[in-house]
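Structural overview
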Amino acid sequence: MSNRRWLVNQRAAVTGASSGIGRAISAALAQAGADVALGARSVEGLYETARLVQEAGRQALVIQTDVSDPEQARGFIRQAVGRWGGLDVLVANAGAYIRGEIASSTLSHYQDSMAVNFYGAVVPVLEVLPVMQKQRSGHIVLMSSIDGRKGLPLDAPYVSAKFALSGFGEVLRQELHGTGIHATIVYPGRVDTPMIGDLSVPAVSAKITPEQVARATLRGIRRHQPEVITPPQGALLVHLDALSPRLADWFVRQFRLEGRYE
């Protein structure tokens, strides 16, 4: 196996694969040698991602999936396993950026966010675990956010779901210790994707590319890292908040890290 094709003949599945981070990770997995099952709501976007996977010489399986529907989320895993007989990597990446000032938000904001950003990851994990346990191998990646470690104003629905996902991942990783199955939580900062395309952010939290997140994620899988924070300066805010939440809150206010819509 070459250094570049270290995932040769491995079977991967990525949710939210029609654009942004999901597309970049799918392409990176294929370039590393994996066949990739692609799940998302946009069929057109999925076929564009499939083209990138195929250009890397690997198989792409397109499965239209809305992960907010638990049966579709389960079906995504079942179809991938049915096609390839197993699954070696799951990247639970699908997400929706649902915002709202707490004072004016409604319960539906939180329910909608949890449906995609939390349950939309948990359901595929629960479905794939018996498969990986039978194999005694596998790697699960949960795509959280720096928002899942330090909440920002106006982001309460999104932050709540990402904090929940981070907590789930913490427990998952520990329970899988010694089983041959690994779990990695990825914490990206602001990423230049359609999800926040109209959000202007300060230079201190400048948007990174989906490809940067994909490279960091693949390194995390290869090294079995428990956590990946990207860009590295994102870790400063996390560490600052652990040291002094009051100081971290001041930093958020001072630099208007919540951003503004153009």
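Quick note: structure is the one above.
The rules behind the values
Residues numbered from 1 in each chain as written. Predicted model: local features only at pLDDT ≥ 70, side-chain atom pairs only at ≥ 80, totals over all residues. Heavy atoms only, no water. Core = buried A, V, L, I, M, F, W, Y, C linked by side-chain atoms within 4.5 Å. Buried < 20%, exposed > 50% of the residue type's maximum accessible area, 1.4 Å probe, protein only. Helix = DSSP H or I, 4+ residues; strand = E, 2+ residues; numbered from the N terminus. Contact = heavy atoms within 4.5 Å. Expected span 1.5 Å × (residues − 1).

1. Focus on the nonpolar core
- Counting 34 residues, the largest nonpolar core has Ile25, Leu29 and Leu38 as the members making the most contacts within it.
- At the level of elements, β1 (11–15), α1 (20–31), β2 (35–40), α2 (43–55), β4 (89–92), β5 (138–143) and α6 (210–223) are the ones that each hand at least two residues to this core.
- Sort the elements by how many residues they give to this core and α1 lands first, with 6 residues.
- Discounting chain neighbours no more than four positions away, the residues touching Leu29 are Leu7, Ala12, Val14, Ala34, Val36, Val91, Leu218 and Ile221.
- Residues Leu87, Ala92, Met132 and Ala161 belong to the second largest nonpolar core, which totals 29 residues.

2. Structural notes on unusual backbone geometry
- Put simply, Thr230 and Pro231 share a cis peptide bond, and its omega is 0°.
- Tracing the sequence through the fold places Pro231 in the loop between β8 (227–230) and α7 (234–243).
- Residue Asn9 is not a glycine yet carries a positive backbone phi of 65°.
- As for its placement among the helices and strands, Asn9 is situated in the segment before β1.

3. Focus: α6
- For α6, spanning 14 residues, the distance from its first C-alpha to its last is 20 Å, which sits close to the expected 20 Å at 1.5 Å a residue.
- Inspection of α6 places Pro210, Val213, Ala214, Ala216, Thr217, Leu218, Gly220 and Ile221 among the buried residues, and these make up the whole buried set.
- Among the structural elements, α1, β4, β5, β6 (181–188) and β8 are those in contact with the buried residues of α6.
- His224 sits one or two positions beyond α6 and adopts a positive phi of about 55°.

4. With respect to the environment of Gly22
- As for its position among the elements, Gly22 is in helix α1.
- When the C-alpha atoms of Gly22 and Leu38 are compared, they prove to be 8.7 Å apart, with 16 residues separating the residues in sequence.
- Excluding its chain neighbours within four sequence positions, the residues that come into contact with Gly22 are Val14, Gly16, Ala17 and Asn93.

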